[in-house]
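# Commentary on secondary and tertiary structure
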Amino acid sequence: MTRTAWLNGVFVDAGEARISPFDRGFLFADSVYEVTAVYNGCLIDLDLHLRRLERSLNELGYGTLPDPAELARVHERLVRDNRLVEGYVYLQVTRGAYGGRDFVAPPRPVLTCFAFAEPRTLLDTPAARNGIRVIAAPDIRWARRDIKTTGLLAQSLAKTEARRRGADDAWLVAPDGSITEGASSNAYIVTREGAIITRRLSNDILAGVTRATVFRALAAEGIRISERAFTLSEAHDAAEAFSTAATALVTPVVMIEGEPVGGGAPGPVTRRVQMAYARAIGADPEMIAAFGAA
Ligand SMILES: Cc1ncc(COP(=O)(O)O)c(C=O)c1O
């Protein structure tokens, strides 16, 4: 089956989609993106993703913005035309191509907009069942991690290093020893007293949409998440750890830098978070209950 993508207002065969090598997304990473999860054929939190996209574009001073209603229709159609049941829709917006390489951004850009759909199991994965192993990598990214740009080289290198060292992912460590977030996820620990901790929102981290939904889902169950920085050594001492992201939902972290977290298996608090999130997206929490806990 051919895959339908969307490029600059037109639905095209994904293999036929072409953009200019002069595109500012390619030359300068002058480009933002969103990844929206699809579960049971439904787009999860699309409104929050489109709002964050608009914020990213505004923070970068794009004088032109795509129409969010059109983007929503495009997402729905990509899910339909590609018969997507579980997976995600990727959307990227760049400041366009002008046949040259000028550092100065155009005041009223003609945007390049690209979107495609990708099937992927999100909820019942080996990572969700058994947890993942992460390395700690220095956070060498720029100072505006709250803007979701495609300048992802630091994250790509950290994840590649994790793979080289036999781990699954990387958590990023600031010069002061605190963990900012995962390479493509928000990071949490559960203390031995049962408190769930994640870093407060600031320019240091991306305001995850999955994070926001987890906060809301847990609040509905009377559970509060403490927002503060935590160190790598606190993570080593934690009872549990987990991460959240649209493409991995809630993922237990069972090993950090080769040392097991708590019992080295997904713990009961993490399972509860996974269940609350499953409920929030209309999935059956019993599926998570069947994963078991340490
Ligand atoms: C650096 C970073 N932090 C956090 C997240 C999680 O954000 P979301 O839950 O919106 O996918 C991502 C997702 O790609 C990310 O790249």
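The numbers attached to residues start from 1 for each chain and follow its sequence in the written order. The predicted nature of this model means local features are confined to residues of pLDDT at least 70 and side-chain atom pairs, given and counted, to a pLDDT of 80 or more, with totals for whole chains, interfaces and linings taken over all residues. Think of the side-chain values as coming from all heavy atoms in the structure, minus any hydrogens and water.

Nearness is judged by heavy atoms alone; a residue qualifies as near a molecule or strand once a single heavy atom is within 4 Å of it. Close contacts around the ligand come from 18 residues, with Arg52, Glu181, Val209, Thr210 and Ala246 the closest. A 3.5 Å cut-off defines polar contacts: any pair of N or O atoms within that distance qualifies, except that in protein one atom must be a possible hydrogen donor and the other a possible acceptor, and neighbouring residues in sequence count only when both atoms are side-chain atoms. The separation between a nitrogen atom of the ligand and a polar side-chain atom of Glu181 is 2.6 Å. Notes on the ligand: free accessible area 390 Å², of which the protein chains cover 93%. Put simply, DSSP H or I for four residues or longer makes a helix, DSSP E for two residues or longer makes a strand, and each gets a number counted from the N terminus. Residue assignment for the shell around the ligand shows that the elements contributing at least two residues are α2 (46-59), β9 (178-182), α6 (209-220) and β14 (240-245). Classification used: nonpolar for Ala, Val, Leu, Ile, Met, Phe, Trp, Tyr, Cys and Pro, charged for Asp, Glu, Lys and Arg, polar for all others including Gly. The residue inventory of the shell around the ligand, partitioned by class, reads 6 nonpolar, 8 polar and 4 charged. We get accessible surface area from the Shrake-Rupley algorithm with a probe of 1.4 Å; when it comes to residues, only the shown protein chains can shield them.

The backbone phi angle of Asn8 is positive, close to 50°, even though this residue is not glycine. Structurally, Asn8 is set in the loop between β1 (4-7) and β2 (10-13). A positive phi angle is found at Arg83, which is not glycine, with a value near 50°. Along the polypeptide, Arg83 turns up in the loop between α3 (68-81) and β5 (87-94). A simple rule labels every residue: compare its accessible area, found with a 1.4 Å probe on the protein chains alone, to the largest value its type can have, and call it buried under 20%, exposed over 50%, or partly exposed in between. Under the relative-accessibility criterion, Arg83 is labelled exposed at 65%.

Before going further, it helps to examine the pairing of strand β10 (residues 186-190). The buried fraction of β10 amounts to 5 of the 5 residues, a majority that puts the element mostly inside the structure. Burial along β10 is two-sided: Asn186, Tyr188 and Val190 and Ala187 and Ile189, pointing in opposite directions, are all buried. Direction of pairing for β10 relative to β14: antiparallel, over a ladder of 5 bridges. What sits directly across from Ala187, in β14, is Ser243. When DSSP locates at least two bridges between a pair of strands, those strands are taken to pair. Bridge analysis of β10 against strand β11 (residues 196-198) gives 3 bridges, and the strand direction is antiparallel. Within β11, the residue paired with Val190 across the bridge is Ile196. Connecting β10 to the antiparallel partner β11 that follows it, the hairpin turn spans 5 residues, and Gly194 within it adopts a positive phi of roughly 95°.

In this section: the pairing of β1. By the alternation rule, side chains of β1 split into Thr4 and Trp6 and Ala5 and Leu7, which are all buried. Summarising the sheet, β1 and β2 pair through 4 bridges and their orientation is antiparallel. What sits directly across from Trp6, in β2, is Phe11. In this antiparallel pair of consecutive strands, β1 and β2, the connection spans 2 residues, and Asn8 shows a positive phi of 50°. As paired elements, β1 and strand β6 (residues 112-119) share 3 bridges and run antiparallel to each other. Note on β6: the bridge partner recorded for Ala5 is Phe116.

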